[in-house]
Amino acid sequence: MDSTPDKTTADPAEPKPSSPNHFIRRLAERIGQLPPNTIGALWILLAAFLFSIMVTLIKFLGQDLSVFQILVVRQVLMLLIVAPKILPGLPGSLATKRPGLQLTRIVFATSAMLLGFTAIIEMPLADATAISFSKTFFITIFAIWFLGEQVGKHRWGATIVGFLGVLLMLRPSGEGLVDPFAMMALGSAACAGMVMIVIRILTRTDPPNTILTYQAMGVGLIMIIPAWMTWQAPTLEQWALLAAVGFFSWAGQMANIKAFQAGEATAIASLDYTRLLYATLFGALIFSQWPGVETLIGASVVIAASIYTVRREAIRGRQLARASDGRGYSN
């Protein structure tokens, strides 16, 4: 008797060729065979898309709810998502060698989100997004001041050109007046840049889980009182959108972290600027807001100068003072 197993009998544990699980598994296998930088590029493109959805939802909710309320609900939801990682380490994860720096990071992270989200709500999405890219230049300046980094003429030149692009986007009037919400977007970029510098210092002494715990709890605690004072009972639809903000915030951060785990920062960082394309598209389709010519020209200058800065750092063999978990308004 032939004892050869019947090859036509399907393995019960094997997903059917037509099933979603089979398709997902095959897709994962194909992606896993790609070069690391390609995988990183796919992740960072996904992160840019997720963050763009997040800010679009924030802008939509901001028409009826206060930015404090949006922020505190977002932080609570994100805290619930990361709780499995934080809770097992308590109270040990609260042990820090630099409590002052932890508090500094919380204050700057809160300021970055408060200013940035307000700018998103009050400005065209593309304008607020474009100005946020100036974070790269603030990182350069803060790295010189606080980390003692040596910066050559090429990087200084890119920084100056980049700020000229920002000035063009701010569009000061003949009387020297500047849109206050544009200044908020710029202030948010500066605070986000400072967060990156503080994180770089903190990682020398404190583990990532400690930094995550302080950030997740601290920002929410700061927002509780102003959120309570401005609280409006959300509708069922608004609760669903608030939950979506928390989810897309977390998913965007995870995709961003995976991007920099898989690929080289200097090879994939420039793809983050696709957020401007998404912001322009969502702003036009949902809010009927198109960026002005000054915004497009200024954004082009800022993006070109930022890419040059990153590439220059690659040539010199140094890593830009930035972290993978704090891009845009994701602090």
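Colleague: How would you explain the overall build of the protein chain if you had to name every residue and give the values?
Modeller: When helices and strands are counted, the protein chain shows 13 helices and zero strands. Of the regular secondary structure in the protein chain, the N- to C-terminal order runs α-α-α-α-α-α-α-α-α-α-α-α-α. Looking at the protein chain alone, contacts between residues at least 24 apart form 88% of all its contacts between residues at least 6 apart. Element-wise, carbon and sulfur atoms account for 68% of the exposed surface of the protein chain, whose accessible area totals about 16500 Å².

Colleague: Give a description of the nonpolar core that names residues and reports values.
Modeller: Formed by 72 residues in total, the largest nonpolar core has its most connected members in M54, F117 and I131. No other element matches the 13 residues that helix 8 (residues 180–202) contributes to this core. Residues I44, A259, F260 and I268 belong to the second largest nonpolar core, which totals five residues.

Colleague: An account of unusual backbone geometry is needed here, citing residue identities and associated values.
Modeller: Peptide bonds are trans in most cases, and residues, glycine excluded, mostly fall at negative phi. Although it is not a glycine, S288 adopts a positive phi angle of roughly 55 degrees. Locating S288 in the fold gives a position in the loop between helix 12 (274–287) and helix 13 (293–316). Given the relative accessible area of 62%, S288 is considered exposed.

Colleague: So what's going on with the environment of P291? Residues and values would help.
Modeller: Relative to the helices and strands, P291 is located in the loop between helix 12 and helix 13. Taking the relative accessible area as the measure of exposure, P291 reaches 15% and is therefore buried. Remark: the alpha-carbon pair of P291 and A126, spanning 165 residues in sequence, is separated by 5.9 Å. Among residues more than four places away in sequence, those in contact with P291 are A126, D127, T280 and L296.

Colleague: How would you summarise helix 5 (residues 125–132) if you had to cite specific residues and measurements?
Modeller: Count 3.6 residues to each turn of an α-helix, and residues three or four apart come out pointing the same way. For helix 5, a buried count of eight out of eight residues is recorded, marking the element as mostly surrounded by other parts of the structure. Those residues of helix 5 not exposed but buried are L125, A126, D127, A128, T129, A130, I131 and S132.

Colleague: Outline the pattern of salt bridges, listing residues and values.
Modeller: Counted by the stated rule, this structure contains one salt bridge. Put simply, R275 and D272 hold a salt bridge, and the shortest N to O gap is 3.2 Å. With relative accessibility at 7%, the residue D272 sits in the buried group.

Colleague: Would you mind going over a nonpolar patch on the surface in detail, with residue names and values included?
Modeller: Taken together, L221, I224, I225, W228 and M229 make up a surface patch of nonpolar side chains, about 650 Å² in accessible area. Looking at the element boundaries, I224 is found in helix 9 (residues 208–229). Judged by relative accessible area, I224 falls into the partly exposed class, the value being 43%.

Colleague: Kindly report on the packing of aromatic side chains, identifying the contributing residues and their values.
Modeller: One pass over the full model with this rule turns up 12 aromatic pairs. Against the face of F287 rests K59, its NZ or CZ located 5.3 Å from the ring centre.

Colleague: Break down the packing of helix 4 (residues 99–122) against helix 8 for me, citing the residues and quoting the values.
Modeller: It is at 8 Å that the axes of helix 4 and helix 8 come closest, and there the two elements cross at 155 degrees. Here helix 4 is positioned roughly antiparallel relative to helix 8, judged by the angle of their axes. Our pair here, helix 4 against helix 8, has a crossing hand that is left-handed. Class assignment for the residues of the contact of helix 4 with helix 8 results in 17 nonpolar, seven polar and two charged.

Colleague: Lay out the side chain of K59 with the relevant residues and their values.
Modeller: Secondary-structure assignment places K59 in helix 2 (residues 36–61). For the buried K59, no salt bridge is present, and the opposite-charge side chain at shortest range is E122, 7.1 Å distant. Sequence-distant contacts of K59, defined by excluding residues within four places in its chain, comprise I120, I121, E122, M123, L125, F287 and Q289.

Colleague: Give me the lowdown on the confidence of the model for the protein chain, citing residues and values where you can.
Modeller: Close inspection of predicted coordinates is inappropriate for parts of the model with low pLDDT. In this model, the protein chain carries an average pLDDT of 82, and 82% of its residues clear a pLDDT of 70 or more. Mean pLDDT in the protein chain bottoms out at helix 1 (residues 20–32), which sits at 64, and peaks at helix 4, which reaches 94. Under a pLDDT of 50 for its full length, residues 318–331 has, in the predicted model, 64 contacts with residues more than four places off or in other chains.

Colleague: Describe helix 7 (residues 153–170), with residues and values.
Modeller: Here helix 7 spans 26 Å end to end across 18 residues, near enough to the 26 Å set by a 1.5 Å rise per residue. Once helix 7 finishes, R171 follows within two positions and takes phi at roughly 50 degrees, a positive value.

Colleague: Lay out the environment of F287 with the relevant residues and their values.
Modeller: Positionally, F287 belongs in helix 12. Its relative accessible area of 18% is what places F287 among the buried residues. Ignoring any residue separated from it by four or fewer positions in sequence, one finds F287 in contact with T56, K59, F60, L125 and F282.

Colleague: Can you explain the packing of helix 3 (residues 67–86) against helix 10 (residues 236–262)? Please cite residues and give values.
Modeller: Packed helix pairs are specified by the crossing angle of their axes together with the interaxial distance, meaning the distance between the axes. The geometry of helix 3 relative to helix 10 is characterised by a closest axis approach of 9 Å and an angle of 55 degrees between their N-to-C directions. Judged by the inter-axis angle, helix 3 sits oblique to helix 10. For the crossing formed where helix 3 meets helix 10, the hand is right-handed. In this structure, helix 3 uses I70, V73, R74, L77, M78, I81 and V82 to contact helix 10, whose residues at the interface are W239, L242, A243, V245, G246, F247, S249, W250 and Q253. Here the contact of helix 3 with helix 10 is composed, by residue class, of 12 nonpolar, three polar and one charged.

What counts and how
Residues numbered from 1 in each chain as written. Predicted model: local features only at pLDDT ≥ 70, side-chain atom pairs only at ≥ 80, totals over all residues. Heavy atoms only, no water. Helix = DSSP H or I, 4+ residues; strand = E, 2+ residues; numbered from the N terminus. Contact = heavy atoms within 4.5 Å. Areas by Shrake-Rupley, 256 points an atom, 1.4 Å probe, with all protein chains shown as cover. Core = buried A, V, L, I, M, F, W, Y, C linked by side-chain atoms within 4.5 Å. Buried < 20%, exposed > 50% of the residue type's maximum accessible area, 1.4 Å probe, protein only. Salt bridge = Lys/Arg side-chain N within 4 Å of Asp/Glu carboxyl O. Patch = residues over 30% accessible without salt bridge, like charges linked within 9 Å, V, L, I, M, F, W, Y side chains within 5 Å. Phe/Tyr/Trp six-rings, centres within 6.5 Å; stacked < 30°, edge-to-face > 60°. Lys NZ or Arg CZ within 6 Å of the ring centre and 35° of its normal. Axes fitted to C-alpha atoms, helices over the stretch in contact; angles between N-to-C directions. Parallel < 35°, antiparallel > 145°, perpendicular 65-115°, else oblique. Left-handed = near helix turned anticlockwise from the far one by under 90°. Nonpolar A, V, L, I, M, F, W, Y, C, P; charged D, E, K, R; others polar. Lys, Arg positive; Asp, Glu negative; His and termini not counted. pLDDT = per-residue confidence, 0-100. Expected span 1.5 Å × (residues − 1).

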